[in-house]
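Understanding the architecture of this molecule
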Amino acid sequence: MSHSAAATPSIPQPIDIPVAGMTCASCVRRVEKAIAAVPGVVHAAVNLAAERAHVQLDRGGRLPDVVDAIRKAGYDPGTHTVDLAIQGMTCAGCVARVEKVVRAAPGVVEAAVNLATERASLTLVDGADLDAVIAAVAKAGYDARPIGANDGAGQTDRERAARAAEISALRGAAAVAAAATLPLFAVEMARHAVPGFHHWLAATVGEQPWRWVSLVLAAFVLAVPGGRFFAKGVPNLLRGTPDMNSLVVLGAGAAFLYSAVATVAPLVAPGLLPAGTDNVYFEAASVIVTLILVGRLFEARAKGRTSEAIKHLLTLQAKTARVERRGQVVELPIAEVVVGDIILVRPGERVPVDGAVLDGSSYVDESMITGEPLPVEKGPGAAVVGGTVNKAGAFRFRAEKVGAATLLSQIVRMVETAQGAKLPIQAMVDRVTAWFVPAVMVAALLTFAAWYFFGPAPALSYALVNAVAVLIIACPCAMGLATPTSIMVGTGKAAELGILFRQGDALQGLRDVTTVAFDKTGTLTLGRPTLTDLAVVDGFEDGEVLRLVAAVEGRSEHPIAQAIVAGAQARGLTPPVAEGFQAVPGFGAQARVDGRVVAVGADRYMARLGIGVAPVAETAARLGGEGKSPLYVAIDGHLAAILAVADPVKPEAAEVVRALHAAGLKVIMVTGDNRRTAEAVARTLGIDDVAAEVLPEGKVAAVKDLQRRHGRVAFAGDGVNDAPALATADVGLAMGAGTDIAIEAADVVLVRGDLRGVATAIALSRAVLGNIRQNLAWAFGYNVVLIPVAAGALYPLWGLLLSPMVAAGAMALSSVSVLTNALRLRRFRPL
Ligand SMILES: Nc1ncnc2c1ncn2[C@@H]1O[C@H](COP(=O)(O)OP(=O)(O)OP(=O)(O)O)[C@@H](O)[C@H]1O
Ligand SMILES: [Cu+]
Ligand SMILES: [Mg+2]
């Protein structure tokens, strides 16, 4: 066993920690502050809707401290424990080493390694990448395997269970509160509505006994179902960091306390309260608690629905796999499948992980990943993707990507990251909400003072009721939900449509672009060119030229090369063997065939070789005008022929260009192809401008040039060789080819190679940002308008006041309406 020291960790990756128990924007602030105060924390961002903290530590920062800080601030950091079976440990030194590398792995809070049981018991942050831990252990020279299921699905199952528990707890609390509040509320209403009720109550139950009954009922509502507000709100208040729970506590608590004093005072200290001010507000205190509980219940339910997209993705994941182990086929939980396992898939089963078919053949439904409606044929060598459904045949395949590395897991992770993202506008919202709760408390105090000193009699009653109304109406919970819920629903909807926002802020970026640039080959066109024309120069013969060219192109990977080889095959030619093959990217290729030097490529390739193409200039112009790509062939330094390949445009391309124009965007094509050809294609599609004959390394410069001229540019490419351009553009959209998505450079991945995804992504980003704006306008507007009303601004003119009960109803409604508005995004219609 090697005992060399483990490699020093590089800058740790940012980590997402689920945080439960946050109710409003000031909770977010509090958690953020608590985390930021931990030594070694570089950056902390907390998202209320996703209920997550995104934390960047430097080398000295310790995750356990962060988790601790969250707990100390009064919230629940989401962690879970996992057991790993560790092989290869021989002594206590090994134990210490494994513990060290495991503790240094991202997302690990605590680790204990046991030599006797050969187990490591880890506490991980929910959502942490167990594979990274296993890899770290492997790097230190040991073998680690998870015991029991612990894939992404398991974690989200736990989150789902936690949410379900929260919903049922809220439902119970709201029901109990409502039952106890009902008599109070009914009697209060009857007093106003039923003539003579007052006298009837006084004659039967008696006014004072009823006050005692009310006191008991209200105390119960506040203490039992309303206990959750006190448990969080009081400590926060005492710490000097009031949150929305504190506002509820102050509002309902003040109403209750005053009423309790008014009930008890006549017995113990008559004359304590001035005449006419011994009113009770037990019903108000109870109704506030009940309505806010009901609001929270609706909110929790709606929040559950915002993450439905992820749930749907997770249902695609198979739970078990039939694996060959030691010559036997065993059914294993998906988490125990390792790379290299041979997996059997029977008809109708889901492919469990990503891999390559060994034998057998079948058709596989990949629509859930690629959007391709027709089942795809799979034979030996074909790639299969976890989550897709096998149709009629059976096959065996070798697992190549498992656990978090599978495409499906990556998609789930991308959606989760995007859903938890903070948009730039959120910073503004955060600044406002940070001051909001303290400002509200000051406003309530001022209201109290104004009514007490300048208001009509009974001054104390008016002062109290109006101050309570201000406290209740001003809860900023709708504000805290406005952005994150729209992002969650929007990115979830996007995922359903095959649009993955890798960076959540690409949503805002995409909304702001003015220009969309497309790569031509494989993006606007199908990327499957065919040989259409062949014209030889005098002295050369068709079949012979094509035979030689096909020999050269047989060595090339370029789609054009494949078209030429296929063209030769179709004419029944068998190309000879080529030697000394040389490809010049962006120009062409050459090789020696049958003792002759054969070169094929663009006109600039001929220019580079010093071969004039004037004799076929007219043919080239005609071919280019038809949208075909002309290619020149030189044999032994003499121009021999001109060929043309045509790559049909995607059927939806023209429609997409029209849609983008309708959205007010400029559409530009960037290509390495011949100018005339490019312009012909652009014309048929209605594209505004063309950057043609761009060398592969020139695409970055082309994008920069577009940015200079048009502002913010989105670039859509096939994601493989367009990576630098994708990264340079303000927003890079990678057109995924289903399995081999080049995700890294892009901000947005269009899983279905369909161009409509580009227009849909832009339309969706506008819809989401619009939705956020509506939410913010509603949340802010509501507070701005109703706080003065609650404070009594309309009283001098119209005698209008806002009862604390109405305030509680309005406040519960405001969060629900923001959530409902965000959920409207689920009905977004794609192009
Ligand atoms: N193997 C090859 N055989 C023949 N011609 C080639 C070959 N490789 C490159 N060329 C020539 O160089 C040109 C530019 O190639 P490049 O790969 O940069 O762009 P493209 O695939 O035509 O277009 P796009 O930039 O839209 O993907 C091609 O249009 C072709 O004329
Ligand atoms: Cu609130
Ligand atoms: Mg290309």
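Residues numbered from 1 in each chain as written. Chains lettered and ligands numbered in written order. Predicted model: local features only at pLDDT ≥ 70, side-chain atom pairs only at ≥ 80, totals over all residues. Heavy atoms only, no water.

Around ligand 1 sit 20 residues, and of these Thr-521, Glu-553, His-558, Thr-671 and Gly-672 come closest. For ligand 1, an oxygen atom lies 3.4 Å from a polar atom in the backbone of Phe-587. The separation between an oxygen atom of ligand 1 and a polar side-chain atom of Thr-671 is 2.9 Å. Within the complex, 91% of the 600 Å² of free accessible area of ligand 1 lies under protein. Every element with two or more residues in the shell around ligand 1 is listed here: helix H18 (520–524) and strand S23 (596–601). By residue class, the composition of the shell around ligand 1 is six nonpolar, eight polar and six charged. When residues of the shell around ligand 1 are assigned to domains, at least three map to each of domain 5 (497–525 + 649–761) and domain 6 (530–646). (Near = heavy atom within 4 Å. Polar contact = N/O pair within 3.5 Å; in protein donor to acceptor, adjacent residues only side chain to side chain. Areas by Shrake-Rupley, 256 points an atom, 1.4 Å probe, with all protein chains shown as cover. Helix = DSSP H or I, 4+ residues; strand = E, 2+ residues; numbered from the N terminus. Nonpolar A, V, L, I, M, F, W, Y, C, P; charged D, E, K, R; others polar. Domains from an automatic or database assignment.)

So, on to the sheet that holds strand S2 (residues 41–47). Judged by pairing direction, the sheet is antiparallel, and its four strands sit side by side in the order S2-S3-S1-S4 without closing on themselves. Taken across any chain shown, the strands that pair with only one partner, and hence form the sheet edges, are S2 and strand S4 (76–77). As defined by bridge partners, strand S1 (residues 15–20) adjoins strand S3 (residues 52–57) across four bridges and the pair is classed as antiparallel. Considered in S3, the bridge of Pro-18 is made with Arg-52. On top of the sheet, helix H1 (residues 25–36) reaches S1, S2 and S3; it is set at about 165° to S2, its chief contact. Where helix H2 (residues 63–72) meets the sheet, it contacts S1, S2, S3 and S4, and its direction lies at approximately 20° from that of S1. (Pairing = 2+ DSSP bridges. Contact = heavy atoms within 4.5 Å. Axes fitted to C-alpha atoms, helices over the stretch in contact; angles between N-to-C directions.)

Moving on, we come to the packing of aromatic side chains. Under the defined criterion, the tally for this structure stands at seven aromatic pairs. Relative to Phe-397, the ring of Phe-395 lies with its centre 6.1 Å away and its plane at 50°, an arrangement referred to as tilted. Across the pair, Phe-397 and Phe-395 agree in class, each one buried. Taking 6.0 Å as the distance between ring centres and 10° as the angle between the ring planes, the aromatic pair formed by Phe-448 and Tyr-452 counts as stacked. With Phe-448 and Tyr-452 both in helix H14 (residues 424–454), this residue pair falls four residues apart, about one helical turn. Given the relative accessible area of 28%, Phe-448 is considered partly exposed. We classify Tyr-452 as partly exposed; its relative accessible area is 39%. Taken together, the ring pairs connect Phe-448, Tyr-452 and Phe-453 into an aromatic cluster. Over the face of the ring belonging to Phe-587 we find Arg-604, whose NZ or CZ atom lies 5.3 Å from the ring centre. The ring of Phe-587 carries Arg-608 above its face, with NZ or CZ at 4.6 Å from the centroid. (Phe/Tyr/Trp six-rings, centres within 6.5 Å; stacked < 30°, edge-to-face > 60°. Buried < 20%, exposed > 50% of the residue type's maximum accessible area, 1.4 Å probe, protein only. Lys NZ or Arg CZ within 6 Å of the ring centre and 35° of its normal.)

Counting through the fold element by element, Asn-771 comes out in helix H27 (residues 756–791). If sequence neighbours within four positions are ignored, Asn-771 has contacts with Ser-486, Asn-821, Ala-822, Arg-824 and Leu-825.

Further remarks concern the pattern of salt bridges. Scanning all chains against the criterion turns up 28 salt bridges. Across the salt bridge formed by Arg-398 and Glu-400, the nearest N and O atoms sit 3.9 Å from each other. Overall, Glu-400 belongs to the partly exposed group, its relative accessible area being 41%. The closest approach of N and O atoms between Lys-628 and Asp-533, which form a salt bridge, is 3.1 Å. With a gap of 95 residues between them, Lys-628 in the loop between helix H22 (617–625) and strand S24 (629–635) and Asp-533 in strand S20 (residues 530–536) connect regions that are remote in the sequence. A relative accessible area of 17% means that Lys-628 is categorised as buried. Exposure remark for Asp-533: the relative accessible area of 18% places this residue in the buried category. (Salt bridge = Lys/Arg side-chain N within 4 Å of Asp/Glu carboxyl O.)

Here we take up the UniProt feature "transmembrane region" (unreviewed entry) in the protein chain. The sites that UniProt annotates as "transmembrane region" (unreviewed entry) are residues 168–190, 210–231, 247–268, 280–298, 432–454, 460–483, 776–795 and 801–823. In residues 247–268, the share of helix is 100% and the share of strand is 0%. The end C-alpha atoms are 30 Å apart. Summarising residues 801–823: 87% helix, 0% strand, and an end-to-end C-alpha distance of 33 Å. (UniProt positions renumbered as here; feature names shortened; annotations may be inferred.)

Attention now moves to the sheet that holds strand S12 (residues 354–360). As summarised here, the arrangement of the six strands in space is S10-S9-S11-S17-S12-S15, forming an open sheet in which the pairing is antiparallel. Looking at strand neighbours, the two that pair on one side only are strand S10 (328–333) and strand S15 (383–384), the edges of this open sheet. Where strand S9 (residues 320–325) lies against strand S11 (residues 342–345), three bridges are found, and the strand directions are antiparallel. By the bridge assignment for S11, Arg-322 is matched with Leu-344.

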